[in-house]
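Residue-level structural notes
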Amino acid sequence: GDSVTQMEGPVTLSEEAFLTINCTYTATGYPSLFWYVQYPGEGLQLLLKATKADDKGSNKGFEATYRKETTSFHLEKGSVQVSDSAVYFCALSDPRGSQGNLIFGKGTKLSVKP
Amino acid sequence: KAGVTQTPRYLIKTRGQQVTLSCSPISGHRSVSWYQQTPGQGLQFLFEYFSETQRNKGNFPGRFSGRQFSNSRSEMNVSTLELGDSALYLCASSFKTDTQYFGPGTRLTVL
């Protein structure tokens, strides 16, 4: 079935370091891809999205490019801050029809040290 | 616009009881989805409602049910609670597209 695989965490970085969180997916059809972020004690916030191949989503310095040939949607940021510490989830929309079903990866916890 | 709201934020129940959680979507959004988040299973889709009709359902037992009202507000109900139902229950709403906006969640603890 459809699935999302994220790199295992936790990821610990120093402030201003470069961030990459890998995400690959398996899906039939052409899903939309998303990154969500969850801060402690909160719900999920949409970080960015891409709806078709070669689209680049970007927000708050984060970027991810929809790569159909490698079925990937890796999250990157050039210089992380302590405030970026959170859990990041990669997700795809269920391409089988209903738009209301997101399939999530397991999440990657990021800790940024000053 | 106000975001997705969920009530209550925290809930403690005992095994065998039932519980009802509420979700108010962003104004104008007609689709509401529910997810269960646990440390072991991660985020799992429960069901989606659109215009008062269940449009999609995840792989959960019949103890989990939901409904949607004409104003798009939604409730989910869990009957005969089990310890394993302890989780963060997240509601999300969307408008015409597959981009979902999540509420803060309801933390359910079953003792």
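In this text, all values refer to a predicted model and were calculated from it rather than measured experimentally.

This brings us to the overall build of chain B. What chain B contains, in helices and strands, is zero helices and 11 strands. Going from N to C terminus, chain B has its helices and strands arranged as β-β-β-β-β-β-β-β-β-β-β. The C-alpha atoms of chain B give 13 Å as radius of gyration, which agrees with the globular expectation for 111 residues (13 Å, within 12%). With respect to the three principal axes, the spread of C-alpha positions in chain B is 40 × 25 × 25 Å. Evaluated residue by residue, chain B yields a buried proportion of 50% over its 111 residues. Accessible surface for chain B amounts to roughly 5,300 Å². Of this, 50% is attributable to carbon and sulfur atoms. Here chain B contributes 12 positively and 6 negatively charged side chains, and the mean placements of these two sets differ by 4 Å.

Turning to the environment of Gln44(B), a few remarks are in order. Along the chain, the position of Gln44(B) falls in strand β5 (residues 42–50). Each C-alpha atom, one on Gln44(B) and one on Phe60(B), is 9.3 Å from the other, the two residues being 16 residues apart in sequence.

Another aspect to go through is the side chain of Glu75(B). Residues and elements named next belong to chain B. Here Glu75 lies in strand β8 (residues 74–78). Its relative accessible area of 15% is what places Glu75 among the buried residues. For Glu75, the side chain forms a polar contact with the side chain of Arg73, separated by 3.3 Å. The contact partners of Glu75, leaving out residues within four places of it in the chain, are Thr20, Leu21, Ser22, Trp34, Ser65, Gly66, Arg67 and Phe69.

What follows is about the state of the cysteines. All names here are of chain A. Under the defined criterion, the tally for this structure stands at two disulfides over all chains. Here Cys23 connects covalently by a disulfide to Cys90, the sulfurs 2.0 Å from one another. In this structure, the disulfide formed by Cys23 and Cys90 twists by about -70 degrees around the S-S bond and is classed as left-handed. Residue Cys23 is found in strand β4 (residues 23–26), and its partner Cys90 is found in strand β10 (residues 86–93); the two are separated by 67 residues along the sequence. When sorted by exposure, Cys23 lands in the same class as Cys90, which is buried.

Time to look at the interface of chain A and chain B. Across the contact, 20 residues belong to chain A and 22 residues belong to chain B. Between chain A and chain B lies a buried interface of about 1,700 Å² when both sides are counted; carbon and sulfur atoms form 48% of it. One can count zero salt bridges joining chain A with chain B. Connecting chain A to chain B are four residue pairs in polar contact (both at pLDDT 80 or more).

Okay, the sheet that holds strand β9 (residues 75–77) of chain A next. Sheet strands associate in pairs through backbone hydrogen bonding, adopting either a parallel or an antiparallel arrangement. Residue and element names in this part refer to chain A. Read across the open sheet, the four strands follow the order β3-β9-β8-β7; overall the sheet is antiparallel. Each edge of the sheet is formed by a strand with only one pairing partner; in this case those strands are β3 (19–21) and β7 (56–59). Averaged over all pairs of adjacent strands, the angle between their axes in this sheet comes to 15 degrees, without regard to strand direction. As paired elements, strand β8 (residues 62–65) and β9 share three bridges and run antiparallel to each other. Each bridged residue has a counterpart across the sheet, and for Phe62 the counterpart in β9 is Lys77.

Procedures and definitions
- Residues numbered from 1 in each chain as written.
- Chains lettered and ligands numbered in written order.
- Predicted model: local features only at pLDDT ≥ 70, side-chain atom pairs only at ≥ 80, totals over all residues.
- Heavy atoms only, no water.
- Helix = DSSP H or I, 4+ residues; strand = E, 2+ residues; numbered from the N terminus.
- Rg over C-alpha atoms; globule rule 2.2 N^0.38 Å.
- Buried < 20%, exposed > 50% of the residue type's maximum accessible area, 1.4 Å probe, protein only.
- Areas by Shrake-Rupley, 256 points an atom, 1.4 Å probe, with all protein chains shown as cover.
- Lys, Arg positive; Asp, Glu negative; His and termini not counted.
- Charge placed at Lys NZ, Arg CZ, Asp CG, Glu CD.
- Polar contact = N/O pair within 3.5 Å; in protein donor to acceptor, adjacent residues only side chain to side chain.
- Contact = heavy atoms within 4.5 Å.
- Disulfide = S-S within 2.5 Å.
- Buried area = accessible area lost by both parts, 1.4 Å probe.
- Salt bridge = Lys/Arg side-chain N within 4 Å of Asp/Glu carboxyl O.
- Pairing = 2+ DSSP bridges.
- Axes fitted to C-alpha atoms, helices over the stretch in contact; angles between N-to-C directions.

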